[in-house]
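# Tertiary structure, described
Residue-level listing of the chains:
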Amino acid sequence: MKFLKTMSLLFVLMQGQAFAQAPLGDAAMPSQDAVDQGAPAQELPGDKRRKYDTNDPHFRDVAKEFRCPTCTGLSVLESDAGFSVQIKEQVQEQINLGKNHDQIVEYFVERYGAWILREPPAKGINAIAWIVPITLLCLGPILIWLLVWKRRVKADSHGVRSSTVILAEMQESLQRLKRENG
């Protein structure tokens, strides 16, 4: 156990030294003009160049439709996991080829299956995922009301008198007493 802790500490220290030795110059930081124009940061740690532009609205529109398989609840656009980076690069390649939104989505669905989409398509067996919640939202309150109402009616029919019946009986008793006394 000590060996693993020592090795992980050594690994962290070596990574820190690698970043500390990286030269910081004009190439590492984008110019203010590039930032103002929305250009992507080209230089990343470890000399990896970003091959996609997160500021492009078309790129963002497409990339937000795909789920990150590593991160729970995040789109590929929001995630920096390795698989998400690869998908973002593929999205950018498809955009560079001149494909539109639907063609790119179709490409990924053919390649990875419908699970890559954050929202299931509303056709085939996946239509159930759209129909059931909407049906429950519409019919659920009505069904609950009917079930509660039926139980209420059944409870009233088991010898429990309503207030109107009790008041009517009291009125009859008062009139009978008035006739007897007076």
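Details of the structure are given in the entry above.
Source: prediction; values computed, not measured.

### Focus on the overall build of the protein chain
Secondary structure summary: the protein chain contains seven helices and zero strands in total. Along the protein chain, helices (α) and strands (β) appear in the sequence α-α-α-α-α-α-α when read from the amino end. Counting every position in the protein chain, which comprises 182 residues, the buried fraction comes to 17%. Put simply, 41% of the contacts in the protein chain that link residues at least 6 apart link residues at least 24 apart. Surface accessibility of the protein chain: about 14500 Å² in total, with carbon and sulfur atoms responsible for 61%.

### Overview of the packing of aromatic side chains
The geometry of an aromatic ring pair is captured by the separation of the ring centres together with the interplanar angle, meaning the angle of the planes. On inspection of all chains with the given rule, the structure shows five aromatic pairs. Each ring, one from F66 and one from F108, has its centre 4.6 Å from the other, and the planes form 45°; the classification is tilted. Taken together, the positions of F66 in the loop between α3 (57-63) and α4 (82-96) and F108 in helix α5 (residues 101-112) put the pair 42 residues apart, joining distant regions of the chain. On the basis of relative accessibility, which here comes to 0%, the residue F108 falls in the buried class. An aromatic cluster of at least three residues, connected via ring pairs, comprises F66, F83, Y107, F108 and Y112.

### Section: α5
When the terminal C-alpha atoms of α5 are compared, their 17 Å separation across twelve residues agrees well with the 16 Å that a helix rising 1.5 Å per residue should span. Summarising the contacts, the buried residues of α5 are in contact with α3 and α4. The backbone nitrogen of D102 has a side-chain oxygen 3.2 Å away, supplied by the residue at the start of α5, namely N100. One or two residues past the end of α5 sits G113, with phi positive at roughly 95°.

### Digging into the environment of Q94
On the secondary structure map, Q94 appears in helix α4. Linking Q94 and V105, residues eleven residues apart in sequence, is a C-alpha distance of 9.9 Å. Those residues in contact with Q94 that lie beyond four places of it in its chain are K99, I104 and Y107.

### Examining the pattern of salt bridges
Per the stated rule, a full pass over the model turns up two salt bridges. Here K64 and D61 are joined by a salt bridge, their closest N and O atoms 3.9 Å apart. For K64, a relative accessible area of 43% corresponds to the partly exposed category. Residue classification places D61 among the partly exposed residues on the basis of a relative accessible area of 31%.

### As for the side chain of S79
Within the fold, S79 resides in the loop between α3 and α4. Here the side chain of S79 touches S84 through a polar contact of 3.3 Å, side chain to side chain. Each residue touching S79, except ones within four places of it in the same chain, is listed here: C68, C71, S84 and K88.

### Regarding α4
Helix length check: α4, at 15 residues, gives a terminal C-alpha distance of 21 Å against a target of 21 Å (1.5 Å per residue), a fit within 8%. Downstream of α4 by a residue or two, G98 has a phi angle that is positive, lying close to 90°.

### Structural notes on the nonpolar core
The nonpolar side chains of a soluble globular protein tend to be buried with one another. By size, the foremost hydrophobic cluster in this structure holds 15 residues, and its most contacted members are F59, F66, I87, V91, F108 and I116. Listing elements by their share of this core, those giving two or more residues are α3, α4 and α5. Apart from the residues lying within four places of it in its own chain, the contact partners of F66 are S75, V76, I87, V91, I104, V105, F108, I116, L117 and R118.

### Considering a nonpolar patch on the surface
There is a patch of nonpolar side chains on the surface, built from L139, I142, L143, W145, L146 and W149 and spanning about 630 Å² of accessible area. In this fold, L146 is placed in helix α6 (residues 127-156). Using a relative accessible area of 37% as the deciding quantity, one classes L146 as partly exposed.

The rules we used
- Residues numbered from 1 in each chain as written.
- Predicted model: local features only at pLDDT ≥ 70, side-chain atom pairs only at ≥ 80, totals over all residues.
- Heavy atoms only, no water.
- Helix = DSSP H or I, 4+ residues; strand = E, 2+ residues; numbered from the N terminus.
- Buried < 20%, exposed > 50% of the residue type's maximum accessible area, 1.4 Å probe, protein only.
- Contact = heavy atoms within 4.5 Å.
- Areas by Shrake-Rupley, 256 points an atom, 1.4 Å probe, with all protein chains shown as cover.
- Phe/Tyr/Trp six-rings, centres within 6.5 Å; stacked < 30°, edge-to-face > 60°.
- Expected span 1.5 Å × (residues − 1).
- Polar contact = N/O pair within 3.5 Å; in protein donor to acceptor, adjacent residues only side chain to side chain.
- Salt bridge = Lys/Arg side-chain N within 4 Å of Asp/Glu carboxyl O.
- Core = buried A, V, L, I, M, F, W, Y, C linked by side-chain atoms within 4.5 Å.
- Patch = residues over 30% accessible without salt bridge, like charges linked within 9 Å, V, L, I, M, F, W, Y side chains within 5 Å.

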